[in-house]
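# Coordinate inspection notes
Here are the chains, one letter per residue:
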2 protein chains.
Amino acid sequence: MSAPHTDVEQVEAANTAFYEALEQGDFDGVSALWLTPADLGVDETYHDPADVGVVSCVHPGSPVLTGRGEVLRSYALIMASTDYIQFFLTDVHVSVTGDTALVNCTENILSGGPAPEDGEELGPLVGQLVVATNVFRRTSDGWKLWSHHASPVLTENEEADGPEDSEGDENPS
Amino acid sequence: MSAPHTDVEQVEAANTAFYEALEQGDFDGVSALWLTPADLGVDETYHDPADVGVVSCVHPGSPVLTGRGEVLRSYALIMASTDYIQFFLTDVHVSVTGDTALVNCTENILSGGPAPEDGEELGPLVGQLVVATNVFRRTSDGWKLWSHHASPVLTENEEADGPEDSEGDENPS
């Protein structure tokens, strides 16, 4: 494949690289793709009231994580508890405005934890349907993640307020 | 309250205005707060391959909506099915980088649909814990929403794969 030329192609390539690093359990690769204030020329020892370049991350069903420390720790934990993860990306949409790019995509995830017993290769595989909003900033070192927000796409059943009673709902007496 | 001066104060005010417009069922107010490509000087009749200023929105548990048409239609539908909604915002965090602002906040939502029978004022009230990532762009007409992604914060119980059987879980035989 030829090198990406346009902004949109470069952003798509950075977005793909992020998911490939997650698939490979490549913590350094994931870390290198997240923005640092230094990427933007901000002195990290100075407390900036506008929090320029401070990253944030929301994993599916979870609260907000703010700052590189919290965000990267969460990826280390995910990698430690995941033996296999694959992302099939669909519906990738990129909007580039100035030095910021907004990427929306659907993450069709197949993952498995460590095998419950020795001798087995993998724990049970789980499929998940997740949508993501990824915000990238242009830096002299390429496009870097400023924010990742991923959330489950719930089916009608899961959206119900409480656990469904399988008896009686369809045939109210 | 005095007029907001710094970027962070202006972004916080735009974020608050967005939720107040939703609380008031003010469709025009919500519409005015979402970015249009024209706000950025983009001719809307030209198909821009970078989709400059094209908005996106993810409601809790839902797929991605792209473009003003889909996004604003979703707010019209929400307003039509909601008689009462209040947002108590907590943990508001703003990061401004150049002409883009990233806002994370927790939306503690209390809402109610139309009364099921005449004579009652409101349907049952429902509480929801939601986290949001809101991306704003600076325009000559103030900060405007480029992206909104909201997702449920799930408890341990809801994260389980299937509906829980209320009997037998605590006392497995």
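Scoring rules and cut-offs
- Chains are numbered independently. Their residues run from 1 in the order of the written sequence.
- Labels follow written order: the first chain is A, the first ligand is 1, and so on.
- Per-residue local features of the predicted model are confined to residues with pLDDT of at least 70, and side-chain atom pairs are confined, for both listing and counting, to 80 or more; whole-chain, interface and lining totals are unaffected and use all residues.
- Only heavy atoms go into the side-chain values, all of them from the structure, while hydrogens and water stay out.
- A 1.4 Å probe that fits into a set of points on a 1 Å grid over the protein atoms alone but cannot get out defines a cavity; an open set with protein on both sides within 12 Å along at least five of seven lines defines a pocket, and lining residues are those with an atom within 4 Å of a point.
- Grid points are joined across faces, edges and corners, and a volume is the space filled by probe spheres set on the points.
- To sort residues, take the accessible area from a 1.4 Å probe on protein chains only and compare it with the maximum for the residue type: under 20% means buried, over 50% means exposed, and anything in between is partly exposed.
- Secondary structure elements are taken from DSSP: a helix is a run of H or I of four residues or more, a strand is a run of E of two residues or more, and numbering for both begins at the N terminus.
- At least two DSSP bridges between two strands are required for those strands to pair.
- What pLDDT conveys is the predictor's confidence in a given residue, as a value from 0 to 100.
- When checking whether two residues touch, look at their non-hydrogen atoms; a contact exists if any pair is within 4.5 Å.
- Here the quantity called buried area is the accessible surface, traced with a 1.4 Å probe, that two parts lose on coming together, added over both.
- In the sections that follow, a salt bridge refers to a side-chain nitrogen of Lys or Arg positioned within 4 Å of a carboxyl oxygen of Asp or Glu.
- Polar contacts here mean pairs of N or O atoms no more than 3.5 Å apart (in protein, one a potential hydrogen donor and the other a potential acceptor; neighbouring residues in sequence count only if both atoms are side-chain atoms).
- Classes in brief: Ala, Val, Leu, Ile, Met, Phe, Trp, Tyr, Cys and Pro nonpolar; Asp, Glu, Lys and Arg charged; the others, Gly included, polar.

### Examining the layout of surface pockets
In this structure, the second largest pocket occupies an estimated 230 Å³ of space. Contributing to the lining of the second largest pocket are 15 residues, with Pro37(A), Glu44(A), Asp51(A), Val52(A) and Val54(A) lying nearest its centre.

### Observations concerning the pairing of strand E6 (residues 142-152) of chain B
All names here are of chain B. A large share of E6 lies buried, amounting to 10 of its 11 residues. By the bridge criterion, three bridges tie strand E1 (residues 56-58) to E6 in an arrangement that is parallel. Looking at the pairing, Val58 lines up with His149 of E6. Two elements, strand E5 (residues 125-139) and E6, share 10 bridges in a ladder whose sense is antiparallel.

### Side note on the confidence of the model for chain A
Residue and element names in this part refer to chain A. Per-chain confidence: chain A averages 87 in pLDDT, with 84% of residues scoring 70 or above. Taken together, the stretch residues 159-173 has pLDDT below 50 and engages in six contacts with residues farther than four places along the chain or on a different chain. Interface predicted TM-score (ipTM) for the complex: 0.86; the corresponding pTM is 0.86.

### Let's talk about the interface of chain B and chain A
Across the contact, 41 residues belong to chain B and 40 residues belong to chain A. Buried surface at the junction of chain B and chain A, summed over both partners, amounts to about 3,200 Å²; 60% is from carbon and sulfur atoms. If you sort the residues of chain B by the area they bury against chain A, Thr97(B), Trp146(B) and His149(B) come out on top, with a joint share of 17%. Applying the counting criterion to the chain B and chain A interface returns zero salt bridges. Here chain B and chain A share 23 residue pairs in polar contact (both at pLDDT 80 or more) between them. For the side of chain B that touches chain A, the secondary structure elements donating two or more residues are E1, strand E2 (64-66), strand E3 (84-97), strand E4 (100-112), E5 and E6 of chain B. Ranked by residues supplied to the side of chain B that touches chain A, first place goes to E6(B) with six residues. Here the residues of the side of chain B that touches chain A sort into 23 nonpolar, 14 polar and four charged.

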